[in-house]
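Chain residues, written in single-letter form:
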Amino acid sequence: MGLFDDDFYSTKISRRHLRRSPKQQQGWRAPKHKKKGLSTWQVSLISSLLSAIFVVLLFVVFTGLNSARNPVDLINTVSSDPFNRISVAADKVSPSVVSILNHNEFSRSNPDDAALGSGVIFKQDDGKAYIITNSHVISGADDLEVVSSDGVSREAEIVGQDSINDIAVLSIDSKGISSVIELGDSDSLRAGETVIAVGNPLGLGGTLTSGIISYTSRLIPISLNQDGVYDWEQKVIQTDAAINEGNSGGALVDLKGRLIGINTMKISDTGVEGLGFAIPVNDVMKTVEGIMQYGKVVRPYLGVYSLDLDNPYAPIDAEQRKQLKLPQNITSGVIVLEAHGPAQLAGLQLNDVIVQLDKEPIASTRELRKYLYDEKKVGDTLEVTFYRDGKLQTSNCKLTDKPSEAEIEAGLGDR
């Protein structure tokens, strides 16, 4: 019986079809068996297998995968496990990342007091290996020690440095050095990409941390002489990969093991997490090229040591403002404290207040420096507008090459 009493829904043969005539009953014979075909599920199984084989063949043809291909490329192409890619990239990068020990007068009696940093081997040539690091990592060094990933210690020499972009280049004996980092393209980065930071945090050489790119091109105001006054803007890559003391100068790389940035700083404060910064490799290499060629970065030089008129950390009082004899409506500008080189030759002197360069308003030392470096070049003439004893004056300066760090430290100014 079917699911219902009505024969219409029954799968059984109706009784009326079972009533046969005597003639039909006498001539009954066993029916001939028809040859069975494939069942539905068998057809489905065979079709699925053939489809799978066809898809695999198409994948092999169009991607060109074969047994001779590099395992690293295979992982980069077909692996869906990001941890495998991180491991492969780390293995590729680690031999080219070094630890840097900055020995100074405080560490002579106790080597454990040496300042720590990191560096990246980017070139080998004529028996030397060259290392990129941060300028602040080697600041004040009496001698520098580089420890490679295999634990071998080598003495390092400074090829050149640039405090503006916080980049320095060191050289070491290349004997035993077998790896040079591959350079990436920081201009093609996208927010959300996975990145790896490799360095020497707290003296723990070869440390690996990972994260993502939080922002591709962030402008961070910085104080070059650490006086609390922001006098430059550094373009950086923002990442949440852990960057700690000693990571400075180390590598920020992508999942193909290519250098995309030099780790330089982080924001460390109560309630702040995951704010690390790296200098983009494209900017780094522009600085490195200048250092390798000239021992420094060639920039136009005005030659003033200055103070912002509205400096919040060292505000001028009413008596000092009275001495400047400025009009009441002048609330910002750059006070000249010392004049050297081109500025001195152009007649600038103590207490002149610069308010324009080439008729462009200048409100701070940061704006003055940015205008010089972005808009002018060595040999150009710069029109400087300034107040002296309450009177607006103009003078022309012929810009020269910016002195080296050593020359600046000898007293030639820093603008």
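Notes on the structure in this doc start here. (Residues numbered from 1 in each chain as written. Predicted model: local features only at pLDDT ≥ 70, side-chain atom pairs only at ≥ 80, totals over all residues. Heavy atoms only, no water.)

Things to note about the overall build of the protein chain
Next up, step 1: If you tally the helices and strands in the protein chain, you get nine helices and 21 strands.
Next up, step 2: For the protein chain, restricting intrachain contacts to residue pairs at least 6 apart in sequence, the fraction spanning at least 24 positions comes to 61%. (Helix = DSSP H or I, 4+ residues; strand = E, 2+ residues; numbered from the N terminus. Contact = heavy atoms within 4.5 Å.)

Digging into the pairing of strand β6 (residues 167-173)
For a regular strand, the rule is simple: side chains alternate between the two faces of the sheet.
Next up, step 1: Most of β6 is tucked away: six of the seven residues are buried.
Next up, step 2: As paired elements, strand β3 (residues 128-133) and β6 share six bridges and run antiparallel to each other. Bridge pairing links Ile132 to Val169 in β6.
Next up, step 3: Across five bridges, strand β5 (residues 153-162) lies against β6 in antiparallel orientation. Paired with Asp162 across the bridge in β6 is Ile167.
Next up, step 4: What sits between the antiparallel neighbours β5 and β6 is a turn of four residues, in which Asp166 has the positive phi angle 60°. (Buried < 20%, exposed > 50% of the residue type's maximum accessible area, 1.4 Å probe, protein only. Pairing = 2+ DSSP bridges.)

Observations concerning the environment of Gly184
Next up, step 1: Counting through the fold element by element, Gly184 comes out in the loop between β7 (182-183) and β8 (194-199).
Next up, step 2: Judged by relative accessible area, which is 18%, Gly184 ranks as buried.
Next up, step 3: For the pair Gly184 and Pro280, spaced 96 residues apart in the sequence, the C-alpha separation amounts to 9.7 Å.
Next up, step 4: Leave out the neighbours within four places in its chain, and Gly184 touches Arg258, Leu259, Val281 and Asn282.

Let's talk about the side chain of Asn165
Next up, step 1: Mapped onto the fold, Asn165 is located in the loop between β5 and β6.
Next up, step 2: By relative accessible area, Asn165 is classed as buried at 18%.
Next up, step 3: Not counting residues up to four positions away in its chain, the partners in contact with Asn165 are Trp232, Gln234, Ile279, Thr287 and Arg299.

Topic: a nonpolar patch on the surface
Next up, step 1: A surface patch of nonpolar side chains, about 270 Å² in accessible area, is lined by Tyr294, Val298 and Val378.
Next up, step 2: For Val378, the position within the fold is in the loop between α8 (365-375) and β19 (381-388).
Next up, step 3: Note on Val378: relative accessible area 38%, which makes it partly exposed. (Patch = residues over 30% accessible without salt bridge, like charges linked within 9 Å, V, L, I, M, F, W, Y side chains within 5 Å. Areas by Shrake-Rupley, 256 points an atom, 1.4 Å probe, with all protein chains shown as cover. Salt bridge = Lys/Arg side-chain N within 4 Å of Asp/Glu carboxyl O.)

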